[in-house]
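So the chains spell out like this:
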Amino acid sequence: MQIYPINFYKECNKNITYKNKDNCQSNVTFTSFFDKFHHIVGETTQEKYIKSLKNFVNPDYLKLEGVQNGIEVFDGLSARQILSNLRDLLYIPIVRGCHNNCTHCYLSAQPHVVRASFEDFKSFIDGHRELNKRLQVDFAKKKLNRNEYVGLFYDSDGSDLFLRDKHGNIHEFPELNRMQYSVTGVPGLFDTAGWNVRNKSIQERMERFVQYYSDKENYSTEIHAINISVNPFHRIYAKSLEFGKTGEIEKSKKLRQIYVERMSNALFTFSPLFKNDRAHILARSFPDSQKGEMFDGVRKSDYKKLVSEIYSDFKKKLFQDYTGQQKYVKSNLDLLLIDDAVRRGLLHCDTHLEHLGRLLDSFKDLLVSFEMLDSNVLSNISDNKFMSFIKRSTFSMIDINGRVYRTNAFNSYKTDTCLNYKDMKNFEMDFLPKPDKKVIKYK
Ligand code: SF4
C-alpha cells in the first residue's frame, strides 16, 4: 500500500490518495483512511508517523494532556490551551509600537517602541522545541502550521526588529527569525518603511540583513517575503503636507526631501535582494477618485509625483555605485536587473485600502452598519459555532507579555492562555483591532 502525503495538514481535511492491492487508486479523507485501514497496516513506522500528525491536526486533547508537563513556559496551561494556538500561530511580535507614525496605519501603532525580553522569547522557542520532540512532530519538515508565514512583528517596523539579552548582546532579525523557523517550520515575513539615513547603527544592521538574505539558502528556507513599503502616509511626508498647507514652503520641501532620501536609501540598500527578486515593493495610495480635503496629497497622482523623485534619487545612487565603489552594482547586468525590479515595484500602486486605522473616521457610516451586524450575529451564535469561527477565521498572536490573542483583520479576542513569561509579564499596550469583550476559553 502506498500513501502519497503531499501536505498533511491539508490532506487531513481533504482527501488522501492511495493504491489498494489491485493497484487501483482511491480517494478518501485522511481520517476515514486511517480508521478504515488501522487494523491492516498495523504499527508501521509510516502509521506511527501519520498517527502523530493526526494527533496534532485533530488532537484528542484529553489523551495529550500532560505532554506539556515540566516545560516551564507552558506551566499551568492545558494541552488544549497550548496546541490550539500553536497550529495557526501568525504573529510573535518581538517589538510593540512604531516610530514611523504613519497617518494610515491600520493597526494604529503607538508611536513609542517597547521591546520583548530575549529570555522570554527564547523560553517560548525552547518550550516549543521540547513539545515538538514529545509529540514527535517536526514542524519544520511537515509544514503543520496553516499559515504561510510567521511575523516577528505586529505593529512595528522591520528595521526595528532586534532584541538585547541580559548580558547586553544584540540578537538581530535573521537570528530571531531562524529561531522561530526552527520550531514552527514557517518562514518569516519582513516589512520596512525605511529608516533614518543618518542612523548608522540601523543602516549597518540593515546591511547585515541584506547580506544574510543574499544567500540563497537562507532566503529560500527561512523567508516568505521581504517588503519595502512606499506610500504618501509616512509621518515625515505627512508633516511636509501640513507645512505646505500652511504656506511654510521651505519646511515642506525640506521634509519631502528627507522622505525621498529615506526611501531611495532603503531601496538602494536592498539592491542585492532586488537583483535576485528577493525584495518587493508594497506601494499604496488612495485612488484619484477619493473625495475630501483630508485626502489631498495622498492620492495616486500625488504618489506618482513622489515616487518619481524617489526613483530618480535611487537611480543616482545606483549609477554612482556602478561608476565608483561597486558595493552592490558590479556590472551593467546588475544595473539592469535592480533598476527593472525597483521600477516595476514602484509602478504598481495598490489603491484598495480596506483597513485604514487612523483614517477610519471618514468611513464612519459604513463601519456603524458593520458593527451592528457583528454584534447581532455574535449574540445569536452558539458557543460551538463561535469556536468553529475562531478556529477557522482567526490566527494566534503571542504578545510580548505572553498573552495569546486570536485575531484577523477585523476582530481580535483575548484568550485565557498566557505563557509564563517572566520579564514582560506586566506589559500592556493596546492594539487594533481592539479585542472584543468576549474572552476565548480553551481550558
Ligand atoms: S503602517 Fe507600519 S510603518 Fe507605519 S506606523 Fe503602522 S506599523 Fe509603523
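Placed above this text is the structure.
Residues numbered from 1 in each chain as written. Predicted model: local features only at pLDDT ≥ 70, side-chain atom pairs only at ≥ 80, totals over all residues.

A.B. asks: Teacher, can you tell me more about the overall build of the protein chain here?
C.D. replies: When its secondary structure is counted, the protein chain shows 17 helices and 17 strands. Here the protein chain, with 443 residues, has 35% of them falling under the buried criterion. Considering only intrachain contacts with a sequence separation of at least 6, the fraction spanning at least 24 residues in the protein chain is 68%. (Helix = DSSP H or I, 4+ residues; strand = E, 2+ residues; numbered from the N terminus. Buried ≥ 20, exposed ≤ 12 C-beta atoms within 10 Å, placed from the backbone. Contact = placed C-beta atoms within 7 Å.)

A.B. asks: How should the pairing of strand β11 (residues 223-230) be read in this particular structure?
C.D. replies: Regular strands have side chains that alternate between both faces of the sheet. As defined by bridge partners, strand β10 (residues 188-192) adjoins β11 across five bridges and the pair is classed as parallel. Following the sheet pairing, Leu 189 is matched in β11 by Ala 225. Pairing analysis gives four bridges linking β11 to strand β12 (residues 280-284), with the strands arranged parallel. Within β12, the residue paired with Ser 229 across the bridge is Leu 282. (Pairing = 2+ DSSP bridges.)

A.B. asks: Is there a simple way to explain the environment of Arg 134 in this structure?
C.D. replies: Here Arg 134 shows up in helix α6 (residues 118-135). Classification of Arg 134 by C-beta neighbours within 10 Å gives partly exposed; the count is 14. The spacing of Arg 134 and Gln 68 is 66 residues in sequence and 8.5 Å in space, taken between C-alpha atoms.

A.B. asks: Even after reading the chapter, I still don't get the site of the ligand, so can you show me in this structure?
C.D. replies: In the vicinity of the ligand, the contacting residues are Cys 98, Asn 100, Asn 101, Cys 102, Cys 105, Leu 107, Ala 109, Asp 155, Ser 156, Asp 157 and Ala 193. Grouping the amino acids of the shell around the ligand by side-chain chemistry returns six nonpolar, three polar and two charged. (Near = placed C-beta within 6 Å. Nonpolar A, V, L, I, M, F, W, Y, C, P; charged D, E, K, R; others polar.)

A.B. asks: Can you help me understand the pairing of strand β15 (residues 403-407) in this one?
C.D. replies: The element β15 is extensively covered by neighbouring structure, given that four of its five residues are classed as buried. Of the pairings in the sheet, the one linking strand β14 (residues 395-398) to β15 comprises four bridges and is antiparallel in character. Along β15, the bridge assignment pairs Ile 398 with Val 404. The turn linking β14 back onto β15 is made up of four residues, and Gly 402 within it adopts a positive phi angle of 95°. As judged from the four bridges shared by β15 and strand β16 (residues 412-418), these two strands associate in the antiparallel manner. Residue Thr 407 lies in a different strand from β16, and its bridge partner there is Ser 412.

A.B. asks: Sorry if this is basic, but what is going on with the packing of α6 against helix α8 (residues 173-184) here?
C.D. replies: The relative placement of two packed helices is expressed as an angle between their axes plus a distance between the axes. With their axes 9 Å apart at the nearest point, α6 and α8 run at an angle of 20° to one another. Classified by the angle between their axes, α6 and α8 sit roughly parallel to one another. The hand of the α6/α8 crossing is left-handed. In contact with Ile 125, His 128, Arg 129 and Asn 132 of α6, α8 contributes Met 179, Gln 180 and Val 183. Across the contact of α6 with α8, the residue classes tally to three nonpolar, three polar and one charged. (Axes fitted to C-alpha atoms, helices over the stretch in contact; angles between N-to-C directions. Parallel < 35°, antiparallel > 145°, perpendicular 65-115°, else oblique. Left-handed = near helix turned anticlockwise from the far one by under 90°.)

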